[in-house]
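Analysis of the macromolecular model
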Amino acid sequence: EDDDLIGVPARCEPELFFVTPSPVIQNVGLHSPSATMLGIRIFNLCPSYGIAFMVVAGLAGNYTAALTILLRHKELDRGQVGELLGQSLSVCHLMRFGLLDSFPLMSTGVVEALTVAFRHFPMPGDLE
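Residue positions are given per chain, counted from 1 along the sequence in the order it is written. Given that this is a predicted model, residues contribute local features only at a pLDDT of at least 70 and side-chain atom pairs are listed and counted only at 80 or more, while totals for whole chains, interfaces and linings are drawn from all residues. Processing note: side-chain calculations cover all non-hydrogen atoms of the structure and skip hydrogens and water entirely.

**Topic: the overall build of the protein chain**
How we decide: Elements are defined by DSSP. Helices are runs of H or I of four residues or more, strands are runs of E of two residues or more, and each kind is numbered from the N terminus. Think of it in three bands: with a 1.4 Å probe and only protein chains considered, a residue is buried below 20% of the maximum accessible area for its type, exposed above 50%, and partly exposed in between. Whether two residues are in contact is decided by their heavy atoms, any of which lying within 4.5 Å being enough.
When you go through the protein chain residue by residue, the secondary structure sums to six helices and zero strands. Secondary structure of the protein chain in N-to-C order comes out as α-α-α-α-α-α. Looking at the 128 residues of the protein chain, the share that counts as buried comes to 29%. By sequence separation, contacts in the protein chain at least 24 residues apart represent 59% of the contacts at least 6 residues apart.

Written as structure tokens, this is what we have:
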């Protein structure tokens with residue numbers, strides 16, 4: 001038997017928890033379309049910064065919502081989405097779960113699930 005030194009069960013599921021920062025801009029209002037376009041441009045250069053901008057600008061309530069908003073725009077570089085979701089940042093795990101949870105994957109096999117996922121965005125470059 002392994003000794004449990006910190007009081008955590010030996011077999012437990014990891015619980016993902018991330019505190020979303022409060023928006024710096026409280027009311028984007030009429031400037032929302034322009035601010036979203038700025039978020040897209042930032043995302044296309046550096047995806048994690050673009051997601052963070054969307055949240056702190058008050059355009060999205062959390063990181064997964066920010067990604068969902070960005071994905072609605074054709075100007076978004078979908079290759080960057082794959083790169084972002086392939087990163088090991090803790091917030092990327094949350095976005096992966098949130099985004100993949102929205103895909104119709106019930107009763108699919110591994111190959112079909114990957115086909116559905118990669119229909120929406122390409123796989124990260126290091127996996128090709």
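Here the narrative resumes, following the displayed structure.
**Comments concerning the nonpolar core**
Spelled out, the test is: In these notes, a set of buried Ala, Val, Leu, Ile, Met, Phe, Trp, Tyr and Cys residues joined through side-chain atoms within 4.5 Å is what counts as a nonpolar core.
Formed by 28 residues in total, the largest nonpolar core has its most connected members in Phe-43, Ile-51, Leu-67 and Met-95. Secondary-structure elements contributing two or more residues to this core are helix H1 (32–45), helix H2 (47–56), helix H3 (63–71), helix H4 (78–85), helix H5 (90–101) and helix H6 (110–120). Residues within four places of Leu-67 in sequence aside, it is in contact with Phe-43, Ile-51, Val-81, Leu-85, Met-95 and Leu-99.

**Notes on unusual backbone geometry**
Look at Ser-107: it is not a glycine, yet its phi comes out positive at around 60°. Tracing the sequence through the fold places Ser-107 in the loop between H5 and H6.

**Observations concerning the confidence of the model for the protein chain**
Selection rule: Per-residue confidence from the prediction method is given by pLDDT, with values spanning 0 to 100.
Mean pLDDT over the protein chain stands at 78; residues scoring 70 or higher make up 77%. Looking over the protein chain, one finds the lowest element-wise mean pLDDT in H5, namely 74, and the highest in H1, namely 93.

**Quick word on the environment of Lys-74**
Considering the arrangement of structural elements, one finds Lys-74 in the loop between H3 and H4. By relative accessible area, which is 75% here, Lys-74 ends up exposed.

**A look at the side chain of Gln-80**
For the record, the criterion: Contacts described as polar in this section are N or O atom pairs within 3.5 Å, which, within protein, must combine one atom able to donate a hydrogen with one able to accept it, while residues neighboring in sequence count only if both atoms come from side chains.
The topology assignment puts Gln-80 in helix H4. Among the polar contacts made by the side chain of Gln-80, one reaches the main-chain carbonyl oxygen of Asn-44 at a distance of 2.8 Å. Among residues more than four places away in sequence, those in contact with Gln-80 are Phe-43, Asn-44, Leu-45 and Pro-47.

**Comments concerning H4**
All of the buried residues along H4 are Gln-80, Val-81, Gly-82, Leu-84 and Leu-85. Between the side-chain oxygen of the N-cap and the backbone nitrogen of Gly-79 there are 3.0 Å, and the N-cap of H4 in question is Asp-77.

**Description of the packing of H2 against H3**
What counts, and what does not: An axis is simply a line fitted to the C-alpha atoms; with a helix, the fit covers only the stretch in contact. Between two such axes, the angle follows the N-to-C directions and lies from 0 to 180 degrees. These descriptions rest on fixed angle ranges, namely under 35 degrees for roughly parallel, over 145 for roughly antiparallel, 65 to 115 for roughly perpendicular, and the rest for oblique.
For the pair H2 and H3, interaxial distance at closest approach is 9 Å and the crossing angle is 105°. Considering their axes alone, H2 and H3 lie roughly perpendicular with respect to each other. For the pair formed by H2 and H3, the contact residues are Ile-51, Ala-52, Met-54 and Val-55 on the first element and Tyr-63, Ala-66, Leu-67, Ile-69 and Leu-70 on the second.

**Observations concerning a nonpolar patch on the surface**
This is how it is decided: Residues enter patches when they are more than 30% accessible in relative terms and free of salt bridges; like-charged ones are connected within 9 Å and nonpolar ones (Val, Leu, Ile, Met, Phe, Trp, Tyr) within 5 Å. Computed by Shrake-Rupley with a 1.4 Å probe, the accessible areas treat only the displayed protein chains as cover when residues are assessed. Any Lys or Arg side-chain nitrogen located within 4 Å of an Asp or Glu carboxyl oxygen qualifies as a salt bridge.
Judged by side-chain polarity, Val-110, Leu-114 and Phe-118 come together as a nonpolar surface patch covering roughly 280 Å² of accessible area. Looking at the secondary structure, you find Val-110 in helix H6. For Val-110, a relative accessible area of 64% translates into the label exposed.

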